[in-house]
Amino acid sequence: MLKAIIIDDELYAREELNELLVETNQVQVIEQCSNAIEGLKAINSLKPDVVFLDIHMPQISGLELLSMLDQETMPKVVFVTAYDEYAVKAFEDNAFDYLLKPVESCRLLKTLKRINAERSELPNYEPIINNKLELIPCSGFNRILLLTPNEIEIAMSEQTGVHLLTEKDKFTASLSLKVLEEKTDLIRCHRQYLINPTCIREIKLLDNGSADIVTKSGHHAPVSRRYLKVIKDRFGLL
């Protein structure tokens, strides 16, 4: 049985799709989310086989959410939309599949048949997703915040998750370092650290061949020997 997550800001649409999926006896809906931020967390923690994703949602759209996922591990994504022009022009050739609202049971069954037939294949979403992220969803101090990438000075991976350091605050992100490296201008300086090159104030070279970066706000990030040459070459250092 397929494990599925439904992400849609409309309660009625979520409930209607959930009922249709239950009736097929092929899908277990393991989570329903009302926005992309909740959906991102659910996808990362629950690892569904398929996500039914609304396109038009407040703050972060379905396409923006798709850009935040690691394409090597992401589930099948079925877009759900009330706008036929999106399906015809953008998704028919590139997305794994799409459903028009209101969803019809016979069309849903065709989608599930495709999913079961192609579960081992990774769809190519590149033509319809953004190359760069414009917003980074993160949490901290009992709130959810949307950061722009240029606000981030350091991103680091710890046992408690991926943490982002800004000028004054520290937040926890739902994105992996790999996605942040691929989808923003942050660069790798250590296996567990990314640095914003525009925020570097000082690079302290150490005797063991590594280095320590100090940002404009006084944050520190290690530079391993593996990445020190890359950092030096970027800034034209000998």
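Here, the structure is the one placed above.
Caption draft 1: The packing of helix α1 (residues 11–24) against helix α5 (residues 105–117), seen in detail. At a closest axis distance of 11 Å, the pairing of α1 and α5 adopts a crossing angle of 65 degrees. Taken as a pair, α1 and α5 cross one another with a handedness that is right-handed. For the pair formed by α1 and α5, the contact residues are Leu17, Leu20, Leu21 and Thr24 on the first element and Ser105, Leu108, Leu109 and Leu112 on the second. Classifying every residue of the contact of α1 with α5 gives six nonpolar, two polar and no charged.

Caption draft 2: Spotlight on the environment of lysine 204. Relative to the elements of secondary structure, lysine 204 occurs in strand β13 (residues 200–205). Assessed through its relative accessible area of 35%, lysine 204 is described here as partly exposed. Excluding its chain neighbours within four sequence positions, the residues that come into contact with lysine 204 are Ser210, Ala211, Asp212, Val214 and His220.

Caption draft 3: Layout of the sheet that holds β13. Overall, antiparallel pairing links the three strands, which are arranged β13-β14-β15 in an open sheet. Lying at the two open borders of the sheet, with one neighbouring strand each, are β13 and β15 (220–223). Averaged over all pairs of adjacent strands, the angle between strand axes in this sheet comes to 25 degrees, irrespective of strand direction. Here β13 pairs with strand β14 (residues 211–215) via five bridges, running antiparallel. In the strand pairing of β14, lysine 204 is matched with aspartate 212. Across the sheet, helix α7 (residues 225–234) is in contact with β13, β14 and β15; its angle to β15 comes to roughly 105 degrees.

Definitions and cut-offs
Residues numbered from 1 in each chain as written. Predicted model: local features only at pLDDT ≥ 70, side-chain atom pairs only at ≥ 80, totals over all residues. Heavy atoms only, no water. Axes fitted to C-alpha atoms, helices over the stretch in contact; angles between N-to-C directions. Helix = DSSP H or I, 4+ residues; strand = E, 2+ residues; numbered from the N terminus. Left-handed = near helix turned anticlockwise from the far one by under 90°. Contact = heavy atoms within 4.5 Å. Nonpolar A, V, L, I, M, F, W, Y, C, P; charged D, E, K, R; others polar. Buried < 20%, exposed > 50% of the residue type's maximum accessible area, 1.4 Å probe, protein only. Pairing = 2+ DSSP bridges.

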